[in-house]
Structures are given as C-alpha cells and as structure tokens.
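# Observations on the three-dimensional arrangement
Single-letter residue listing:
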Amino acid sequence: MHYSLVSDSWGKEEVKAINKVIKSNIYTYKGKYVKEFENKFARYFKTKYAVMVNSGSSANLLSVASLFFKKKKPLKKGDEVIVPTLSWSTTYYPLQQYGLKLKFVDIDMETLNVSVDDIIQATTKKTKLIVAVNILGNPIELSKLRLFCQKRKIYLMEDNCESMGAKTNGRYSGTFGIVNTFSTFFSHHISTIEGGLILTDNFEIYNLLLSLRSHGWTRDISKNFYLKKDQKKYENYCFTLPGYNVRPTNLNAAVGIEQLKKLTNLINIRRQNHKFFFSLFKDDKRFIIQKFNKEHSCFAFTLIFRPKYKYIKKKVFAALKKNKIEFRLITGGSFFKHPVKKYFDYSKYNGSTMVDYVHENGFFIGNHPKNIKKELTFFKNILQNI
Ligand SMILES: Cc1ncc(COP(=O)(O)O)c(C=O)c1O
C-alpha cells in the first residue's frame, strides 16, 4: 500500500469550472471568477473583504506590507513582532524583509501551538505586531489574544494557512486579526493548485492589499482611495505603493468557487479520520500526539517520540520508507535548525527547547479529504511491530 502525504480533493465540478474559463477566453485575474470567489470566501467566513493571491506565502507578504503602508500607526522598521517558534518559513520571511525584529515564543509540545499567556508575558512596549499561527488545523486561544491586542493597541495577524475551517469559541480561525491569511495550495483543505487569500474587515487594508497585489497601482482600488484630486488623470497607470505582482488567475478562482462548496464536508471527513487516528494512538505510550481543540480542521497527524522511546526513531523511519508511508518534519520544524536564521534579527523569549525537541523527534503523516481507515490501520500495524 502507498500511504501518500496528500491527495486530490477535486471532482468533475472543478474540471468543468476550468473548461468554463477556457471557453470564456479570459484567464487573468480580471475575469469574473476572482471577484466571485473572493466574495464567497468572505461570506463563508463572515468577514467583509477577501483578496485572492497566488499563494499563502504571498498572502503573508501582502499582509505584512499593508501594515507598513497604513496611514495611521503604520509599522516601522525595527518594531518588535512576536512569533511562535514553530511555523512555515514564509510566515517569517516578510517580517525579516520589512526589517522587523522577531521575538520567538516557544510552543507547547502537546498542542504544537504557543500558549496565549506566554505571548502576553513576552509582550513589551516595543511590541507592535503579534503573528498568531494555528498549527495543523488547531487554533490557539484567539478570543483572548484578540482582546489583549485590542487593549494594548497591538496589531494581530493570523497565519491560518494550515487551519482553514477550524473554529474556536464558535468563530472561524482566520477572522480574529486585522489581517488573516489562508493557503489553497494543493495539499491544503481546499485546493486551487496554487493560491492564497487574505481576510480583513478593514476597508483601508483591503484597498492597500488590492494595490500591493498588482504592481502597487491604483487601478483596482476604490475610486481615488489613495489619490489626491489632481492625480485623478493618471489613474490608469498611477503607482502609489512599492507593490508586487502576486495575482491569481481566473482558473484558480473558478476552481476555488467549486472547492469552497465542498469545504464543510471536507472538514468533516478530516475530523472523522482524526477520530479514528486518535482511537488508534491515544493509548500508545511511545508517542505524544497533537491535542486538538474540539472544532479543529485536522490537517495532518503528528507523532513525537517520548524521551524513553527516542531510540526507535531510526527503525520507525526505515519501516515507513520501506512500506511507502510518506512522512515529513512537522510543519517547518524548528526555525533555529535552518541556516536561513542568519539573516534575521531575532531573540528568544523562553528558549526553544520544545520546538527543537519536536524537530529532532517528531514527524507527521497525511490526513486526507477522503476516508483513510485502511491506510491508518496499515500504519498502526507497521508501528505495532517495532
Ligand atoms: C503556516 C503556513 N504559512 C504559510 C504557508 C505558505 O503557503 P503556500 O504554500 O501557499 O505559499 C504554509 C504552507 O503550507 C504554512 O504551513
């Protein structure tokens, strides 16, 4: 049996959607599906605005950039940002690229998230932004963090790229920050091949994102949002921000519309798979498995060898390879184990013992948008024999 890391969540509807775009002969983001997908995505998550881009990484980039170009209280080079020690590389990169100082807060080994109390403790007068990352379908205590940020006038950004469709206290993760990012890359909860989205309730941020997405020009934003009256005449090609081109295509968006219709069901399937995984591994003394919040959108199944059983790691990894069970480092592993850290201006609030342990002794296997009882049973049997 080949137990792969990811599988397809598409059906014939997505193929039809692509064909519709081909027939329309309008492939770029100016076709009608990008706007339609954005509107539907925003409505699904009960937020005001969605902006689609070409990846979750671009969603992070534009989100950080938009906070630098806000008229009131923009972020400035040298400001402090709090981040968790476990995330994907491109959660961190825009923060470095815009000259922020990163303060890392270590994760909790069971949830793989940071505790909000630790974030609060780590905050100082210099802290201007907190990036909350919801790891592998498991939201952190976002209500508490949002309240804290509101009180202290600190920007909250959620990197929700791994947790689409999860909720905490009945509210979707990815809706608590001033900017909130999602990935729709192939392996994620829904797939537009490549793709990403940003959600915001802030009209100014929305307009900044539209401009930053597309060359920094004013053409896509609400009439004259960033223009003085006498600049009106240049509107077709008026560049007001040092932006990018990270636009999606009409093809990605048309597929996204079909995928969004399936999201609730896809999350339910993932939760069912998780139930089964949990029943197989909850009493296995060799591993720590991720502790989920009730309304999770389980992305993958993590296993961390407990100290007493670290020595079986080599055997387990060899058996998985031999039996074609794909596995990976948990999310991006420890930031501190990657050479790229040398480019960053960073400090650690409470060390990195937990994330370093997870990096050395943890791995994940895939959850899928279909029933995988057979694969999980196969996996359990392989581990049983070690
Ligand atoms: C937490 C997190 N942020 C950002 C990204 C980047 O998303 P993308 O691969 O769409 O660029 C990922 C990718 O999986 C991720 O896990």
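## Regarding the sheet that holds strand β12 (residues 346–348)
Taken in spatial order, the eight strands line up as β1-β9-β8-β5-β4-β2-β3-β12 in an open sheet, and their pairing is mixed. Each of the sheet's edge strands pairs with one partner strand only, and the pair in question is β1 (49–53) and β12. Between one strand axis and the next, the sheet turns through 20 degrees on average, direction left out of account. Taken together, the five bridges between strand β2 (residues 80–84) and strand β3 (residues 101–105) define a ladder with parallel strand orientation. Bridging from a neighbouring strand, I82 pairs with K103 of β3. Sheet contacts for helix α3 (residues 56–68): β1, β4 (127–133), β5 (155–159), β8 (179–183) and β9 (196–200); angle to β8, the most-contacted strand, approximately 165 degrees.

## Some words on the site of the ligand
Around the ligand lies a shell of 16 residues, among which G56, S57, W88, C161 and S183 are the nearest. Of all elements in the fold, only α3 and α4 (89–97) reach the threshold of two or more residues within the shell around the ligand. With three residues, the top contributor of residues to the shell around the ligand is α3.

## Describing the domain arrangement of the chain
Once the domains are mapped, the chain shows domain 1 (12–258) and domain 2 (263–384). At the junction of the two partners, domain 1 supplies 35 residues and domain 2 supplies 37 residues. The set of elements that each furnish at least two residues to the side of domain 1 that touches domain 2 consists of α4, β3, α5 (116–122) and β6 (167–168). Ranked by residue count, the leading element in the side of domain 1 that touches domain 2 is β3, at five residues. Among the residues forming the side of domain 1 that touches domain 2, the class breakdown is 16 nonpolar, 11 polar and eight charged.

Thresholds, definitions, all that
- Residues numbered from 1 in each chain as written.
- Predicted model: local features only at pLDDT ≥ 70, side-chain atom pairs only at ≥ 80, totals over all residues.
- Pairing = 2+ DSSP bridges.
- Helix = DSSP H or I, 4+ residues; strand = E, 2+ residues; numbered from the N terminus.
- Axes fitted to C-alpha atoms, helices over the stretch in contact; angles between N-to-C directions.
- Contact = placed C-beta atoms within 7 Å.
- Near = placed C-beta within 6 Å.
- Domains from an automatic or database assignment.
- Nonpolar A, V, L, I, M, F, W, Y, C, P; charged D, E, K, R; others polar.

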